[in-house]
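Overview (structure and organization)
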Amino acid sequence: MTHMHVAGSIHADVSSAAPVWLDRPTDANALVDGLWSGTTVRGPGGEMHVGGLPVSDILAQAGSPVYVIDEIDFRGRALTWAQAFAGWKVYYAGKSFLSGTIARWVFEEGLNLDVCSLGELTVALRAGFDPARIGLHGNNKSEDLLRVALQSGVGRIIIDSADEIARLERLGSELGVRPDVLIRVTTGVEAHTHEYIATAHEDQKFGFSIAGGQALVALVRCQGSAHLNLVGLHSHIGSQIFDTNGFEVAARRTLRLMSQFKEATGVTLPELDLGGGFGIAYTIDDSPATPADLAHGLSEIIEHECRAFGLDKPMLSLEPGRAISGPPGTALYTVGTIKDVELGGGQSRRYISVDGGMSDNIRPALYAAEYSAVVAGRVTDAPPTLSRVVGLHCEGGDILVRDVFLPGDVRIGDVIAVPAAGAYSRSMASNYNHTPRPAVVGVRDGKVSVILRRETLDDLLALDAGLD
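Reading the values: the criteria
- Residues numbered from 1 in each chain as written.
- Predicted model: local features only at pLDDT ≥ 70, side-chain atom pairs only at ≥ 80, totals over all residues.
- Heavy atoms only, no water.
- Helix = DSSP H or I, 4+ residues; strand = E, 2+ residues; numbered from the N terminus.
- Rg over C-alpha atoms; globule rule 2.2 N^0.38 Å.
- Buried < 20%, exposed > 50% of the residue type's maximum accessible area, 1.4 Å probe, protein only.
- Contact = heavy atoms within 4.5 Å.
- Areas by Shrake-Rupley, 256 points an atom, 1.4 Å probe, with all protein chains shown as cover.
- Lys, Arg positive; Asp, Glu negative; His and termini not counted.
- Charge placed at Lys NZ, Arg CZ, Asp CG, Glu CD.
- Core = buried A, V, L, I, M, F, W, Y, C linked by side-chain atoms within 4.5 Å.
- Salt bridge = Lys/Arg side-chain N within 4 Å of Asp/Glu carboxyl O.
- Patch = residues over 30% accessible without salt bridge, like charges linked within 9 Å, V, L, I, M, F, W, Y side chains within 5 Å.
- Arc of directions from axis to C-beta.
- Axes fitted to C-alpha atoms, helices over the stretch in contact; angles between N-to-C directions.
- Parallel < 35°, antiparallel > 145°, perpendicular 65-115°, else oblique.
- Left-handed = near helix turned anticlockwise from the far one by under 90°.
- Nonpolar A, V, L, I, M, F, W, Y, C, P; charged D, E, K, R; others polar.
- Phe/Tyr/Trp six-rings, centres within 6.5 Å; stacked < 30°, edge-to-face > 60°.
- Lys NZ or Arg CZ within 6 Å of the ring centre and 35° of its normal.
- Polar contact = N/O pair within 3.5 Å; in protein donor to acceptor, adjacent residues only side chain to side chain.
- pLDDT = per-residue confidence, 0-100.
- Pairing = 2+ DSSP bridges.

Concerning the overall build of the chain
What the chain contains, in helices and strands, is 13 helices and 21 strands. For 468 residues, the compact-globule estimate of 2.2 N^0.38 gives 23 Å, and the chain sits close to it at 23 Å. With respect to the three principal axes, the spread of C-alpha positions in the chain is 70 × 50 × 45 Å. Taking all 468 residues of the chain together, 55% fall into the buried category. Of the contacts formed within the chain by residues at least 6 apart in sequence, a portion of 70% connects residues at least 24 apart. For the chain, the exposed surface amounts to about 19100 Å²; the carbon and sulfur share of it is 51%. The centroid of the 39 positive side-chain charges in the chain is displaced by 3 Å from the centroid of its 56 negative side-chain charges.

A word on the nonpolar core
Counting residues in each nonpolar core, the largest one holds 96 residues, and the members touching the most others are Trp-81, Phe-85, Tyr-92, Ile-159, Ile-183 and Leu-233. Ranked by the residues each element gives to this core, the list is headed by helix H9 (residues 245-265), at seven residues. Not counting the four nearest positions on each side in its chain, Trp-81 is found in contact with Val-90, Phe-278, Pro-291, Leu-294, Leu-318, Pro-320, Ala-323 and Ile-324.

So, the pattern of salt bridges
Evaluated as defined, the whole model comprises 26 salt bridges. Here Glu-108 ties to Arg-75 by a salt bridge, and the two come within 2.7 Å at their closest N and O atoms. Residue Glu-108 is found in helix H4 (residues 100-108), and its partner Arg-75 is found in helix H3 (residues 71-84); the two are separated by 33 residues along the sequence. Given a relative accessible area of 15%, Arg-75 falls into the buried group.

Brief notes about a nonpolar patch on the surface
Judged by side-chain polarity, Leu-457, Leu-461 and Leu-467 come together as a nonpolar surface patch covering roughly 280 Å² of accessible area. Assignment of secondary structure puts Leu-457 in helix H13 (residues 457-461).

Examining helix H2 (residues 55-62)
Val-55, Ile-58, Leu-59 and Ala-62 are the residues of H2 that are buried. On an axial view of H2, the arc spanned by its buried residues comes to 95°, and they lie on one face. Facing away from the buried side of H2 by over 90 degrees, the exposed positions are Ala-60 and Gln-61. One or two positions beyond H2, positive phi appears at Gly-63, with a value near 85°.

What about the packing of helix H8 (residues 214-223) against H9?
With their axes 11 Å apart at the nearest point, H8 and H9 run at an angle of 50° to one another. As summarised for this structure, H8 and H9 are arranged oblique, according to the angle between their axes. Every pair of crossing elements has a handedness; the one defined by H8 and H9 is right-handed. Counted together, Ala-215, Leu-216, Leu-219, Val-220 and Gln-223 of H8 and Leu-257, Phe-261 and Thr-265 of H9 form the full contact between these two elements. Each residue belonging to the contact of H8 with H9 can be placed in one class, and the counts come to six nonpolar, two polar and no charged.

Some details on unusual backbone geometry
Following Ser-64, the chain continues to Pro-65 via a peptide bond in cis, the omega torsion being -5°. Here Pro-65 shows up in the loop between H2 and strand S4 (66-70). Of note in this structure, Ala-420 is not a glycine but carries a positive phi near 55°. Note on placement: Ala-420 falls in the loop between strand S19 (415-418) and strand S20 (439-444). A relative accessible area of 1% places Ala-420 in the buried class. Positioned with a positive phi, Asn-433 is a non-glycine residue whose angle comes to about 60°. Mapped onto the secondary structure, Asn-433 falls in the loop between S19 and S20.

Quick notes on the packing of aromatic side chains
Each aromatic ring pair is characterised by the separation of its centres together with the angle its planes make. Under the definition given, this model contains eight aromatic pairs. Look at Trp-81 and Phe-85: their rings are 5.5 Å apart centre to centre, the planes differ by 5°, and that puts the pair in the stacked class. Summarising the burial analysis for this pair, Trp-81 and Phe-85 share the class buried. Ring geometry for Tyr-282 against Tyr-371: centres 4.9 Å apart, planes inclined by 70°, an arrangement best described as edge-to-face. Here Tyr-371 lies in the loop between helix H12 (363-367) and strand S16 (374-375) and Tyr-282 lies in the loop between strand S12 (271-276) and helix H10 (291-309), a separation of 89 residues in the sequence. Both residues of the pair, Tyr-282 and Tyr-371, count as buried. The aromatic ring of Tyr-91 is capped on one face by Arg-156, whose charged end is 3.9 Å from the ring centroid.

Considerations on the side chain of Asp-398
Considering the arrangement of structural elements, one finds Asp-398 in the loop between strand S17 (384-390) and strand S18 (399-407). Of the side chains with opposite charge, Arg-388 comes closest to the buried, unpaired Asp-398, at an N-O distance of 11 Å. Engagement of the side chain of Asp-398 in a polar contact is seen with the backbone nitrogen of Leu-392, the distance being 3.1 Å. Sequence-distant contacts of Asp-398, that is, excluding residues within four places in its chain, are made with Gly-357, Met-358, Val-390, Gly-391, Leu-392 and His-393.

Points about the confidence of the model for the chain
With 94% of its residues at a pLDDT of 70 or more, the chain shows a mean pLDDT of 92. Confidence drops under a pLDDT of 50 for residues 1-15, and excluding neighbours within four residues, the segment shows 30 contacts in the predicted structure. In the predicted structure, residues 193-201 sits below a pLDDT of 50 and forms 31 contacts with residues beyond four places in sequence or in another chain.

Digging into the sheet that holds strand S3 (residues 53-54)
Spatially, three strands are ordered S1-S2-S3 in an open sheet, and the strand pairing comes out antiparallel. Strands with a single pairing partner mark the edges of an open sheet, and in this sheet they are strand S1 (41-42) and S3. Summarising the sheet, S1 and strand S2 (residues 48-50) pair through two bridges and their orientation is antiparallel. Within S2, the residue paired with Val-41 across the bridge is His-49.

Quick word on the pairing of S4
Of all five residues in S4, five are buried; the element is thus mostly enclosed. In S4, alternate side chains face the same way, and those of Val-66, Val-68 and Asp-70 on one face and Tyr-67 and Ile-69 on the other are all buried. Pairing of S4 with S20 involves five bridges; the strand directions are parallel. Opposite Tyr-67, over in S20, you have Val-440 as the bridge partner.

Now the structure itself:
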């Protein structure tokens with residue numbers, strides 16, 4: 001089934017209660033390989049354990065709902081990317097999830113860091129991240145952000161507009177610095193993903209168009225600037241991408257531009273960043289490539305295209321985010337209400353309401369993202385029942401897991417676990433309906449550590465000037 005938008009599609013499911021990819025499982029208790037963090041298992045009594053801890057212990061210490069980050073798994077994925085792309089610069093995309101703790105883990109595992117706001121940059125700097133290993137993104141960087149970046153010695157700035165070039169030149173002259181910069185280009189490649197996360201087609205806000213000629217103009221302008229050190233190009237084709245096909249076309253167009261720039265100026269640009277967007281498994285329908293396979297495929301593409309254009313192979317970089325932070329994260333919720341809804345034609349669906357919702361994971365409502373779920377506190381012989389896990393917010397589109405088979409005896413107080421919740425859940429969370437955001441905790445070797453504490457109503461009300 002194709003869902004155009006969650007707010008419009010939830011009432012159009014009657015013809016097919018479950019999507020074609022979702023088969024009724026033989027065991028609704030099973031933890032499907034590839035969906036869960038590396039230390040997630042069912043314990044001897046059937047309760048889910050993460051990081052050596054049963055979920056009941058985690059909830060007793062952290063409350064519900066809560067995001068749980070498997071530290072061993074996070075660090076292992078970061079190291080795997082660094083090793084698979086040895087010789088490349090690997091930047092962790094902080095927008096997927098960033099905190100002081102996460103910044104330190106990324107730094108300790110040898111990765112660089114991408115940030116795209118003053119807040120993210122401030123977190124990184126206060127966590128002690130080496131600014132020379134930080135890259136700065138953003139299509140509308142403020143003067144305050146650029147000033148902090150230049151004064152702190154951020155390693156590279158990815159330029160996104162002609163206005164930004166002028167702004168950087170003025171600030172560079174004022175501060176007496178000459179930052180390394182890359183030009184972000186739009187290659188015209190349509191990533192096979194949702195419109196809102198496909199970022200290399202022409203009709204969107206990011207970058208300079210190659211086809212329209214703006215990219216070459218920006219390169220020449222930066223090369224001639226006394227206040228900017230042009231080092232290369234940046235290309236990002238979208239998110240939740242499972243293969244290298246789109247990268248092949250993007251690399252060809254980007255390297256052709258590098259060749260044209262060399263012909264026009266005699267200068268060989270030394271760096272090329274292929275961006276990120278590498279997908280993960282949210283459901284059994286997702287089959288992401290491994291970092292090793294991606295490294296092999298992308299290296300072959302670059303080598304082939306460089307030979308075709310007579311270019312030396314540039315220093316390469318890329319920006320995995322969710323591929324590192326997503327799978328280590330599990331969201332835990334507690335069931336509050338249950339109702340069965342007749343769909344007609346003998347079909348029905350069970351709506352399971354939990355103590356979270358679109359305020360702690362907006363992705364299903366924003367672009368119909370699919371997730372999985374299990375009952376985490378126990379196992380049962382009850383037959384699988386088609387269910388929909390929904391939140392507590394006053395919105396029909398407040399859906400966390402659109403389609404999932406859960407045991408037919410789900411009851412109030414059960415713990416529901418949602419895998420792959422580490423990326424773009426807490427980082428995109430809101431306070432809709434005046435709902436405090438959940439805590440984020442790390443688990444490792446049977447211990448819980450607070451990464452971000454739970455918000456309280458006092459935190460929210462402290463901002464309300466009308467309640468002084």
